[in-house]
Structures are given as structure tokens and as C-alpha cells.
Amino acid sequence: KQNVAKARKTVPARVGTRATRGSSGGNLAGLLPDVMPRKKAVPKKNVKKNEHVVVVKMLTGTLYLHRGDRRRAEFVRTK
């Protein structure tokens, strides 16, 4: 009986490991599109006319200090 039990013993399957996921040949070129998608344009923020804005130019970007009813500071980084 012990010999039969040893013969039926199976090796645990390695399902979903990094080694078995890429076993299809590693050809990812067919899955990717030929042209990369374009980035969507960021809409320009409109400044209210009744709001006073102090613009401070810096080396890494521009700091906008909004004064008025809704005070806030906004930093826009330049590339």
C-alpha cells in the first residue's frame, strides 16, 4: 500500500509564478500598439476677474498667490 501511495503522490504545480507566466515565448511586441497614445491636453485654468493674483516667478516654476474670497497658493512647475 505504501508503494501505491508514493506512486500517486504528485508534484505541486507552480501556477501563476513569474517563471510560468512568461513561458509563451516572451513575444510582447504583438500585444503593444504600433503608435503610442498621445497625452491629453491639460485644460487651462481660468482666473476670475474679481480675484487678485500675485504672480511670483521662480527658477523651477511660477507661484500664484490667489487673494480674495477663496485664498490659495498654486505652484505650476515649468519643464
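Treat the numbers as computed from the prediction; the structure is a model and nothing was measured.

**Quick notes on the overall build of the chain**
Item 1. The helix and strand tally for the chain stands at two helices and three strands.
Item 2. For the chain, the N- to C-terminal ordering of α and β elements is α-α-β-β-β.
Item 3. Sorting the 79 residues of the chain into buried and exposed places 6% on the buried side.
Item 4. Taking the intrachain contacts of the chain between residues at least 6 apart in sequence as the baseline, contacts between residues at least 24 apart amount to 2%.

**Remarks on the side chain of His66**
Item 1. Residue placement: His66 occurs in strand β2 (residues 61–67).
Item 2. Looking at His66, the relative accessible area reads 6%, which means it is buried.
Item 3. Polar side-chain contacts of His66 include one of 3.4 Å to the side chain of Glu74.
Item 4. Beyond its immediate stretch of four places on either side in the chain, His66 contacts Glu51, His52, Val53, Arg71, Arg72 and Glu74.

**Section: the pairing of β2**
Item 1. Pairing between strand β1 (residues 52–57) and β2: six bridges, direction antiparallel. In the strand pairing of β2, Lys57 is matched with Thr62.
Item 2. Hairpin remark: β1 followed by β2, antiparallel, with three residues in the connecting loop.
Item 3. Pairing between β2 and strand β3 (residues 72–77): six bridges, direction antiparallel. Pairing of Leu63 across the sheet is with Phe75, part of β3.
Item 4. Two successive antiparallel strands, β2 and β3, enclose a turn made up of four residues, where Gly68 displays a positive phi of approximately 130°.

**Here's the deal with the sheet that holds β1**
Item 1. Sheet architecture is open: three strands sit in the order β1-β2-β3, paired in antiparallel fashion. A strand with exactly one partner marks an edge of an open sheet, and here the two such strands are β1 and β3. Strand-to-strand, the axes of this sheet are offset by a mean angle of 20°, without reference to chain direction.

How each quantity is defined
- Numbers given to residues run from 1 along each chain, matching the order in which its sequence is written.
- Only residues with pLDDT of at least 70 get local features here, since the model is predicted, and only at 80 or more are side-chain atom pairs given and counted; chain-wide, interface and lining totals rely on the full set of residues.
- Side-chain measures here rest on the full set of heavy atoms in the structure, leaving out hydrogens and waters.
- Each helix corresponds to a stretch of at least 4 residues labelled H or I by DSSP, and each strand to a stretch of at least 2 residues labelled E; elements are numbered beginning at the N terminus.
- The rule is simple: take the accessible area with a 1.4 Å probe, protein chains only, and divide by the maximum for that residue type; under 20% is buried, over 50% is exposed, in between is partly exposed.
- We call two residues in contact whenever any of their non-hydrogen atoms come within 4.5 Å of each other.
- Identification of polar contacts relies on pairs of N or O atoms within 3.5 Å, with a donor-acceptor requirement for protein atoms, meaning one able to donate a hydrogen and the other able to accept it, and with residues adjacent in sequence counted only if both atoms are side-chain atoms.
- When DSSP finds two or more bridges between a pair of strands, those strands are recorded as paired.
- Axes, fitted as lines to C-alpha atoms, cover a helix only where it is in contact. Angles between the N-to-C directions of the axes lie from 0 to 180 degrees.

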